[in-house]
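Examining the three-dimensional arrangement
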Amino acid sequence: MSVLLFVHVKAFSLLSFFSLPLWFSLIILCYFSFSPLCFSEEDPKKSSASQHASINVIFFGTLAKDFSRSVSQGDMVLLAGFTISKSPTEQTDRLHPCHLEMSGPDACLCVCSSTVSSSSGSSAHRNIYVPLNELKPRRIVNVYGVVTFFKQPFPTKGTDYCSTLKITDQSNAKVGCTIFSERLEDHPKIFRIGDVIRLHRVKTQMFNGSMTLLTSLGWSTVTFDGMLDSPVEPRTSSRTFHFDEADKRVVEALRQWASSQSLLASEPTVPLSSVQPKMYFDLTCQLLAKACMDSRCMLLKVWDGTKCEHPLINVTVAPDALEGEPTNSQDRENLTANILVYDNHVEVARTLKPGMFLRLYNLHAVPQRAPGQPHDVPCHLGFHLHGGTSYGRGLCSIPSDNPDLLTLKSQAEKLASEKEVNDGTLLEVWYTPPEAIGKGLKRNPRLTFFPFVYSGLTCGHTLQQRSLAHVKRCTPPAFHHVCAQVKSYKPQNLYQCLKLFCPQCTTIKEVPDDEFIAQVFQEALRGSCQPCSEHWAVTSSVDSIQLDRAITMHVSCDMVLENTQSQLLFLQGVTLDETCVISAAHKNVVPVRSEERRMRLLDLSAPFLFCERKRYYGCKQCSQSSFVEPEVSGVEVWDEHNVAKALGVQLMQYVLLLKFELEDETGTVEALLWEDAERFFHASSADIAASQEMQDKVQTIMDRLQPPGSSMAERPWLELCLIAYTVEEDGRTQVCYQITNTETREDLWARP
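All of these numbers come straight from a predicted model, not from anything done at the bench.

Assigned secondary structure in the protein consists of 15 helices and 40 strands. A sequence separation of at least 24 residues applies to 65% of the contacts in the protein between residues at least 6 apart. Surface summary for the protein: the accessible area is close to 36,700 Å², and the carbon and sulfur share equals 51%.

Each neighbour pair has its own omega, and for proline 476 with proline 477 the value is 0 degrees, a cis peptide bond. Within the secondary structure, proline 477 is located in the loop between α8 (468-473) and β25 (478-490). Here the residue pair lysine 490 and proline 491 is connected by a cis peptide bond, since its omega of 0 degrees sits within 30 degrees of zero. Examined against the element boundaries, proline 491 turns out to sit in the loop between β25 and β26 (498-501). The backbone phi angle of aspartate 229 is positive, close to 70 degrees, even though this residue is not glycine. At lysine 278, a position not held by glycine, the phi torsion is positive, near 75 degrees. As for its placement among the helices and strands, lysine 278 is situated in the loop between α4 (245-260) and β16 (280-294).

This next bit is on the nonpolar core. Grouped together as the largest cluster of nonpolar side chains are 54 residues, with contacts concentrated most on Phe521, Leu656, Leu658, Phe660, Leu662, Phe681 and Met702. The leading source of residues in this core is helix α9 (residues 514-525), at five residues. Beyond its immediate sequence surroundings of up to four residues, leucine 658 is in contact with Tyr489, Lys490, Leu494, Cys497, Ala671, Leu672, Leu673 and Phe681. Counting 26 residues, the second-largest nonpolar core is a separate cluster that includes Phe150, Val175, Ile179 and Leu199.

All right, on to the sheet that holds strand β27 (residues 508-510) then. Across a sheet, strands are paired by hydrogen bonds formed along the backbone, either parallel or antiparallel in direction. If you walk across this open sheet you meet the three strands as β27-β26-β35, and the pairing is antiparallel. Of all the strands in the sheet, just β27 and β35 (653-656) have a single pairing partner and so form its edges. Neighbour-to-neighbour, the strand axes of this sheet turn through a mean angle of 45 degrees, independent of strand direction. In terms of strand pairing, β26 meets β27 through three bridges, oriented antiparallel.

Here the protein averages 77 in pLDDT, and 76% of its residues register 70 or above. Note that pLDDT drops below 50 for residues 10-51; the model gives that stretch 87 contacts with residues more than four away or on any other chain. Taken together, the stretch residues 419-453 has pLDDT below 50 and engages in 80 contacts with residues farther than four places along the chain or on a different chain.

One pass over the structure, following the stated rule, counts ten aromatic pairs. Between phenylalanine 150 and tyrosine 361 the ring centres are 5.2 Å apart and the planes differ by 85 degrees, which places this aromatic pair in the edge-to-face class. Linking phenylalanine 150 in strand β10 (residues 140-150) with tyrosine 361 in strand β20 (residues 357-368), this pair joins segments that are 211 residues apart in sequence. Each member of the pair, phenylalanine 150 as well as tyrosine 361, carries the same accessibility label: buried. Within the aromatic cluster, the residues linked to one another by ring pairs are Tyr489, Phe660, Phe680 and Phe681.

Every other side chain in a regular strand lies on the same face of the sheet, so the side chains alternate between the two faces. Burial of the side chains of strand β32 (residues 598-601) is restricted to one face: Met599 and Leu601 are buried, whereas none of Arg598 and Arg600 on the reverse face is. Looking at chain direction, strand β31 (residues 588-595) and β32 are connected through four bridges and run antiparallel. Bridge pairing in β32 places arginine 593 opposite arginine 600. Hairpin geometry of β31 and β32 is characterised by an intervening segment of two residues between the two adjacent antiparallel strands and by a positive phi of about 55 degrees at glutamate 596.

The subject of this paragraph is the pattern of salt bridges. The full count for this structure, using the stated rule, is 16 salt bridges. A salt bridge links aspartate 603 to lysine 620, with the nearest nitrogen and oxygen atoms 3.1 Å apart. Of this pair, aspartate 603 sits in the loop between β32 and β33 (609-611) while lysine 620 sits in the loop between β34 (614-616) and α11 (640-647), placing them 17 residues apart in sequence. Classification of aspartate 603 as partly exposed rests on a relative accessible area of 39%. For glutamate 670, the salt bridge goes to lysine 659, with nearest N and O atoms at 3.9 Å. Remark: lysine 659 occurs in strand β36 (residues 658-664) and glutamate 670 occurs in strand β37 (residues 667-673); sequence separation between them is eleven residues. Residue lysine 659 is classed as partly exposed on the basis of its relative accessible area, which comes to 38%. Here the salt bridges share partners, and the residues they tie into one network are Arg183, Glu185 and Asp186.

Next up on the list: the environment of lysine 278. Accessibility expressed as a relative area gives 37% for lysine 278, which makes it partly exposed. Between the C-alpha atoms of lysine 278 and histidine 364, which are 86 residues apart in sequence, the distance is 6.6 Å.

You can see leucine 322 is positioned in the loop between β17 (297-303) and β18 (323-324). Between the C-alpha atom of leucine 322 and that of lysine 290, which follows or precedes it by 32 residues, the distance is 5.8 Å.

What helix α10 (residues 576-583) keeps buried is the set Leu576, Glu578, Thr579, Ile582 and Ser583. Burial along α10 is one-sided: seen end-on, the buried residues are contained in an arc of 160 degrees. In α10, those exposed residues whose orientation departs by more than 90 degrees from the buried face are Asp577 and Val581. Those residues of α10 hidden inside the fold are in contact with α9, β29 (550-556), β30 (568-572), β31, β33 and β34.

Assignment of secondary structure puts aspartate 169 in the loop between β12 (161-168) and β13 (174-181). Although aspartate 169 is buried, it forms no salt bridge, and the closest oppositely charged side chain is lysine 174 at an N-O distance of 8.2 Å. At a separation of 2.9 Å, a polar atom in the side chain of aspartate 169 contacts the main-chain amide nitrogen of leucine 132. When residues no more than four places from it in sequence are discounted, the contact partners of aspartate 169 are Pro131, Leu132, Tyr144, Leu254 and Trp257.

Below, the discussion takes up α9. Along its twelve residues, α9 runs 16 Å from first to last C-alpha, staying within 8% of the 16 Å computed at 1.5 Å per residue. Ile517, Ala518, Val520, Phe521, Gln522 and Ala524 are the residues of α9 that are buried. Buried residues along α9 sit against α10, β31, β33 and β34.

Thresholds applied
- What you see as residue numbers is a count from 1 along each chain, following the sequence as written.
- With pLDDT at 70 or above as the cut-off, local features in this predicted model cover only qualifying residues; side-chain atom pairs require 80 or more to be listed or tallied, and sums for whole chains, interfaces and linings still use all residues.
- Note that water and hydrogens are dropped before the side-chain values are worked out from all heavy atoms of the structure.
- Under the scheme used here, helices are H or I runs from DSSP no shorter than 4 residues and strands are E runs no shorter than 2 residues, and both carry numbers assigned from the N terminus.
- Here, residues are in contact when the closest pair of their heavy atoms is within 4.5 Å.
- To be clear on the numbers: accessible area is Shrake-Rupley with a 1.4 Å probe, and residue cover counts the displayed protein chains and nothing else.
- Throughout this description, the term nonpolar core refers to a set of buried Ala, Val, Leu, Ile, Met, Phe, Trp, Tyr and Cys residues connected via side-chain atoms within 4.5 Å.
- Only protein chains enter the accessibility calculation, which uses a 1.4 Å probe. A residue is then buried if its area is under 20% of the maximum for its type, exposed if over 50%, and partly exposed in between.
- Strands pair, by our definition, only if DSSP identifies at least two bridges between them.
- Every axis in this analysis is a line fitted to C-alpha atoms, fitted for helices over the stretch in contact. Angles between the N-to-C directions lie between 0 and 180 degrees.
- Per-residue confidence from the prediction method is given by pLDDT, with values spanning 0 to 100.
- Two rings from Phe, Tyr or Trp (for Trp, the six-membered ring) form a pair when their centres are within 6.5 Å of each other. A pair whose planes differ by under 30 degrees is stacked, one over 60 is edge-to-face, and the rest are tilted.
- Basic side-chain nitrogens of Lys or Arg form a salt bridge, by our definition, when they fall within 4 Å of a carboxyl oxygen of Asp or Glu.
- When we speak of the arc, we mean the arc of directions from the helix axis to the C-beta atoms.
- The charge count treats Lys and Arg as positive and Asp and Glu as negative. His and the chain ends do not count.
- As used in this structure description, the phrase polar contact means that two N or O atoms lie within 3.5 Å; if the pair is within protein, one of them must be able to donate a hydrogen and the other to accept it, and residues adjacent in sequence are counted only when both atoms belong to side chains.
- An expected span of 1.5 Å times one less than the residue number is assigned to each helix.

Shown next as C-alpha cells:
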C-alpha cells in the first residue's frame, strides 16, 4: 500500500555510523491518503494507541547515511515507502506499539529544515537547495536553476497536463524536468530561455543515463524573469509560498551567472518587421481578434507595432464570427498578422481574449502565391502554428507588466500616432480589459480564401472523365479519370501517415517514436560491457560523458584509410542521443551490441543505420537472424541499400498512407493514396521523415486541398486517376480504390 506521513523530528541518535541504522523519535502531525495506524471500532487498544504522539522510525543503508548529514532536530520531514512493524521497545520507551522501517528502493523522504530563534521562540522556515551536479537518484529535493529549454504544457493521455524543461546552474550540470499537473495554472510560468525557476519537493531519478526531476506529492514551483536588473517578482499560482532575502540573493546570483554565460538571448522574440519567408521564430504580440475555423483550427489576428516588409495574407471572416473588433481597414492591412493555430494548440487559443498579450513559439512564416500570380510579384506571408510540441512549439499569454512588452507598446503607440488612426480601433483594444471585449458574439465563420489550383494527371490513358457514381458501378479491375473534391482525409495528424513497408513480405508498421527507440538502446547498454572482438575490424574506444561506460567504435580494416564520410562506422555502448550526434559527422553509423564478445545488431525495432538526419529500419521477418561480416570490397558508394545488403538486412521503405473521402455531385468514394504518394506530394517519404521543411510542405498542400473551416463550395476540384481493384478479407471480396498517376500542380506547393 502507498502511505505518506508528515512528521516532525523530536530527537535522533546514531547507533553505529554507516553500518547500523539510525534510530530517532518522531511526532506525528497528520496523515495523507489514510492513517497507517488503523484499528476497528471494537479494538480496545484504539483509545490507548491514539494517545501515543511519538513513533520510532528506523533508516537503513545509504538512506541512513544521507539522513544523518542533512537532518536536524526540529526539522519537518515527509516519509514515503515505509513499512510498519511491531516495536520491540514499546514497554521501555512508552512510544507507539509500532515502528516504521525505511528501506528498499521505494523508500524516500523530503526534508524541510527550520531554525529556531532562542530569543522569541518563533521558527523561521529554511529550505535546503541542492546544486544540480550533486543530485542523487531517488531523493526528494529542492533546486534552483536557469531554464535552457522548455515546452508549454500539453495534455497527456490521462487527466494531467505535462510540461518539460531543461535547467542548469553554476555547476554547469544540465538536468531535465518533467512536470505533471491537472491544472494548467500550476505549471511553471516560463516565458523565455534564461528565466530562473525554483522547484520544491521534486523527485530525482535516472532516465536514459541522465538525471531527471519529476514532480512528487506536495511539489511546488516559482519562476522569475531572468533579465538583469528586472524586479525579482515571483510568478506562481500558489497563495502560500516562502520567499525571503536569501532567495532573492540566489535569484540575482543565477541571473548574473546566466548573463556571463550568454544563456539569455538579447532579443527573446523576432518582430514582424524582421520576419522573412520560411522562418521559424518566436513572436511577442497583442491579440486583436480571433475566430474559430473548425474543431482543429483557430484564427488569431495580432499585431506587434511593427510593419512586415512582405505583404501579409488577410484571412477574411464574417463580422458575426469574429470575437473582437474587425481589423480590415486598408491602412492597417499590413499591420495585422493572421495566424492559423492548429491541433493541440487550439485548446489554449480558445481561452484567449482580445486585448491579451501573447507569446508564440516556433511560429512558421509560410510564403503563399495566388494561382496565376507572376513569379516577379512578391508572394504573401501566412503564419502557421503547427500541431505538436517539437522545438518548444506552443503559445501562452503573458502579463501586461512583462518587461519584454515595453518596446512593443512604445512602437505600437508611435505607429498608431504616425498613421493617424482616427477611429482608434487598435488603441481602444490596447487599453480595453480583455474580459470586456467580444461578449455575446456568435461563432459561425464564413471564410474567404484564395482559389486553389487543382491536380494534374501523369498517366497516358485516353479515358473519358466519369462521375464517382459511374466508377462505383463498374467492375474492377479498371482505371478511371474523375474530377472530385476532398471531403475529408485520414489521418488528420499528418505525421501518422508515415509508415514503414517491407517490399518482400509486404508488412506495414508504424514508425517508432524516440522514446521507444531510446529504450532499445538502453536495453543494449544493460548487456555485456565487453567490447566486440572481430578479426575484420579495427577497434578504438573513447570515454562517454557518463564515466561508468565507454563508447567503442569499429571500422572494417579495408576502410581504415578512407574518408570518414565514406566509412561504415559501427558503434557500441551508445545512447540514442549520442548516436544522433555522431551520425551528424559520419554518413553511415550502425549501432551494435556485444554478445559473448561477438558483434550483433540491435533489435530491428530500432533503426539499424543512421545517415545524418535520416534513419533506416530493417524487417524482422525477412532479415538474417545472425550478424554477418560485412562485405565491403567492390562497393563504390555506401548508401542505405548497399549497407543493408552488406549486413544481411532487408531494408524497409518509408511510405505515405492516406485515405481520402472524395465527393462530386453524384456521390462519394473512399480512395487510398499510397504507391504514388511521393509523386502526388513531389517529395520522397524518406525526406519527409527527416525534414521539417518537407513535412510543412505536405501540410501546406493538404491545407490547400481542404482549407480549414471551408465548405465544400470553397474547396478545389481535383483531376484524379483512380484504379479500382479487389481484395479478399475474411472470406469476402471487397472493392478498393487507389489514387495513382496524379500530382499536385507546382504553383500549389512551390516556394519562391
